[in-house]
Amino acid sequence: LPPGPKGLPLVGNLFDLLRYNPIEYFTLLSKEYGPIFSIQFGLRRVVVITSRHWMQQAFVRHADTFTNRPHGTVMHFIGGGKGVVMTEGQAWRDSRRLLTLVLKEFGVGSSKIEDYIGLELPEFIETLKKEVGKPIEIHPDLATSVLNIVWHMFAGERFKTGDPFLKWMVTSIERTANLINQGSFLNFVPLVQFIGTFLRPRAFQVLFSLVYRMMYFNGVIRQHRKQLDDPTKNMDLVFAFLREQKKIEEAHQAPGIFTDSQLRWLLSDLFVAGLDTSVSAMRWALLFIVKHPRVADKLRDEILQVVGHDRKPCLSDRETMPYMEAFISETLRYSVVVPIITHAPSHDANLGPYIIPAGTMVITNLHGALHDPNVWENPSEFRPERFLTPEGKFFKDENLVPFSIGRRSCVGESLARAEIFLFLTTILHTFELKPGVDPLPPLSYVDGLFLHPQPYKIILELQQPRHRPREPEKA
Ligand code: HEM
């Protein structure tokens, strides 16, 4: 195993996790022991990775081995190893294949996805226009629109702006994300997980929302089952799943993943993973914009130059907007919406000079990797220019891995990138953003499964038509 700190007999370094924030703790240890180290937490030996190099070794070079998830963690305990995020083996492969197929059907990864995002953007912008001049928290409206995009693909439904069920659901998902931490003490003490997770203040609402969400998914599945043979119904994930289930039943085969319980967990995973991540990234982006007026000016000038006033931004503008691309990359690097991920090798694996036994919990400290001063100059400075060449061209830095890499990397990356680009450019094309509170909160995160910015308010003013910034004169 890689070297690491020697803890106390029996408990190892477990109790350090009660004193320190896991992200900061792992980052500190990686400074002493390097980008791969091992550590004992109670009965569990854990390997912690903090670099693109070791992620590449594990998740790409040994892609077949490092695709499992560790058992006995809070996430595993809550989801029971169902859905897609925490499944393994054939069940994971089948769920991921179905999901990838449906996303492809909806044009994710091609310009067709613009049509689905475009269905939500006008209503979102009109809602914001009603709030012009007032200090607002933008994220409830943002969450409705972002959820509608994925929900259209997965369940064929959309929510109305201000829908009280959706508002409640969005808040409780955010609370769930704040309550779970993939590197925290509770992941290493399975017996106290229940008490620690569910008997905390506010946890009751989280549990209640999970049960309520499952009941709602039951209703969605029932409704789809009734309409399964209706040729006028558009394809969505639930229909694709139920049709496959029906085929298997008719052939008297074993159901495999095609059970209602698996479908409920799959929908639950997608509801959470498809919503809070992209919304959080955009909340960070808008905070950076109001905090850095110089960056905001550059973004606005670029949008004006490329899009002008006579049309709306579109996905193909990405190629001619290097500053916006650099800004989004820096937002994803700085915010690291998913800060810690966990894998486990399915069998004993050679990793460089080390042997990692099957089932070992392998934690990737993505936050540490994306803030590593050996890779990123002044990592705590927000500077989109780090992704631009001296000629002002955008370049992809292979060390930027906020969606992870390898077979288990984020299945929604392409969708999230398209959403972030279109929402941000359209917001900036329509409005000027000003701080809605004085002072704005610091750029520190609210800890949890996903990192959120501190709550803040902004004031939107309609953009006044301006002349295009002058093109640089040709020689
Ligand atoms: C800014 C937005 C997002 C970020 C930063 C992000 C990041 C990540 C990361 C780091 C992982 C873990 C990969 C690993 O374990 O190696 C992941 C997994 C996943 N993400 Fe995302 N994600 C985002 C948006 C989305 C969206 C919009 C969807 C919806 C389609 C989505 C669905 C998933 C799923 C289903 C998994 C589990 C994949 C598996 O276990 O095979 N994500 N994401």
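Residues numbered from 1 in each chain as written. Predicted model: local features only at pLDDT ≥ 70, side-chain atom pairs only at ≥ 80, totals over all residues.

The criterion, for reference: UniProt positions are given in the numbering used here, feature names are shortened, and annotations may be inferred rather than shown by experiment.
An unreviewed UniProt entry lists the protein under the name Cytochrome P450 2C30, with Hyalella azteca as the source organism. Of the comments in the UniProt record for the protein, the one headed Cofactor (unreviewed entry) reads "heme".

Section: the nonpolar core
The line we're drawing: By convention in this section, buried Ala, Val, Leu, Ile, Met, Phe, Trp, Tyr and Cys residues joined through C-beta atoms within 7 Å make up a nonpolar core. Exposed residues have 12 or fewer other C-beta atoms within 10 Å of their own C-beta, buried residues have 20 or more, and residues in between are partly exposed; the C-beta atoms are placed from the backbone. Residues are treated as contacting if the C-beta atoms built from their backbones sit within 7 Å of each other.
The biggest cluster of nonpolar side chains holds 119 residues, and the ones touching the most others in it are F154, M282, A285, V362 and I420. Leave out the neighbours within four places in its chain, and V362 touches V47, I49, A58, F66, T342, H343, A344 and I356.

A word on the sheet that holds strand β1 (residues 36-41)
Inclusion rule: When DSSP finds two or more bridges between two strands, those strands count as paired. By the criteria applied, helices consist of DSSP H or I runs no shorter than four residues and strands consist of E runs no shorter than two, each listed in order from the N terminus. Orientation is described by lines fitted to C-alpha atoms, with helices fitted over the stretch in contact, and by angles between N-to-C directions that extend from 0 to 180 degrees.
One open sheet accounts for four strands, arranged β1-β2-β7-β4; its pairing is mixed. Of all strands in the sheet, those bounded by a partner on one side alone are β1 and β4 (340-343). For this sheet the average axis-to-axis angle between neighbouring strands, irrespective of direction, equals 30 degrees. In the packing of helix α2 (residues 22-33) onto the sheet, contacts are made with β1, β2 (44-49), β4 and β7 (361-365), and the angle to β7 comes to roughly 95 degrees.

Observations concerning the site of the ligand
To keep things clear, this is the line we draw: By definition, a residue lies near a molecule or strand when the C-beta atom built from its backbone is within 6 Å of it. Charged residues are taken to be Asp, Glu, Lys and Arg, nonpolar residues to be Ala, Val, Leu, Ile, Met, Phe, Trp, Tyr, Cys and Pro, and polar residues to be all remaining types, Gly included.
Not every one of the 24 residues close to the ligand is listed here, only the nearest: G274, T277, S404, C410 and G412. Broken down by secondary-structure element, the contributors of at least two residues to the shell around the ligand are α12 (260-273), α13 (276-291) and α17 (413-430). Class assignment of the residues belonging to the shell around the ligand gives a composition of 15 nonpolar, six polar and three charged.

Here we look at the packing of α13 against helix α15 (residues 322-335)
Selection rule: Note that the term roughly parallel is reserved for angles under 35 degrees, roughly antiparallel for angles over 145, roughly perpendicular for angles of 65 to 115, and oblique for everything else.
Taken N-terminus to C-terminus, the directions of α13 and α15 make an angle of 110 degrees; their axes are 10 Å apart at the nearest point. Judged on the interaxial angle alone, α15 and α13 are roughly perpendicular. For the pair formed by α13 and α15, the contact residues are A281, W284, A285 and F288 on the first element and T331, L332 and S335 on the second. Residues that form the contact of α13 with α15 fall into these classes: five nonpolar, two polar and no charged.

Observations regarding the packing of helix α10 (residues 203-226) against helix α11 (residues 237-250)
Rules: In a left-handed crossing the near helix is turned counterclockwise from the far helix by less than a right angle, and in a right-handed crossing that turn is clockwise.
Close contact between α10 and α11 brings their axes to 10 Å; oriented N to C, the two are set at 65 degrees. α10 and α11 meet at a crossing whose hand is right-handed. Counted together, V220, I221, H224 and R225 of α10 and V238, F239 and L242 of α11 form the full contact between these two elements. For the contact of α10 with α11, the residue count by class is five nonpolar, one polar and one charged.

Overview of the sheet that holds strand β3 (residues 135-136)
An order of β3-β11-β8 is seen for the three strands of this open sheet, with the pairing classed as antiparallel. Whereas interior strands pair on both sides, the edge strands pair on one side only; in this sheet they are β3 and β8 (431-435). Note: β3 against strand β11 (residues 458-462), two bridges, orientation antiparallel. Residue P135 lies in a different strand from β11, and its bridge partner there is I459.

What to know about the UniProt feature "binding site: heme" (unreviewed entry) in the protein
Listed under "binding site: heme" (unreviewed entry) in the UniProt record, and renumbered for this structure, are C410. The class of C410 is partly exposed, set by 16 C-beta atoms lying within 10 Å. Apart from the residues within four sequence positions on either side, C410 is in contact with F403 and S404.

Some words on the confidence of the model for the protein
Here is the rule we go by: By definition, pLDDT measures how confident the predictor is in each residue, and it falls between 0 and 100.
On average, residues of the protein score 91 in pLDDT, and 96% of them are at 70 or above. Both scores are available for the predicted complex, with the pTM at 0.94 and the ipTM at 0.99.

Let's talk about α10
It helps to recall that an α-helix has 3.6 residues per turn; residues three or four apart then point in one direction. This is how the line gets drawn: The span one expects for a helix is its residue count, reduced by one, times 1.5 Å.
Under the 1.5 Å per step criterion, the end-to-end length of α10 is 35 Å for 24 residues, consistent within 8% with the ideal 34 Å. Burial in α10 covers these residues: V206, F217 and H224. Next to the buried residues of α10 lie α8 (164-179), α11 and α12.

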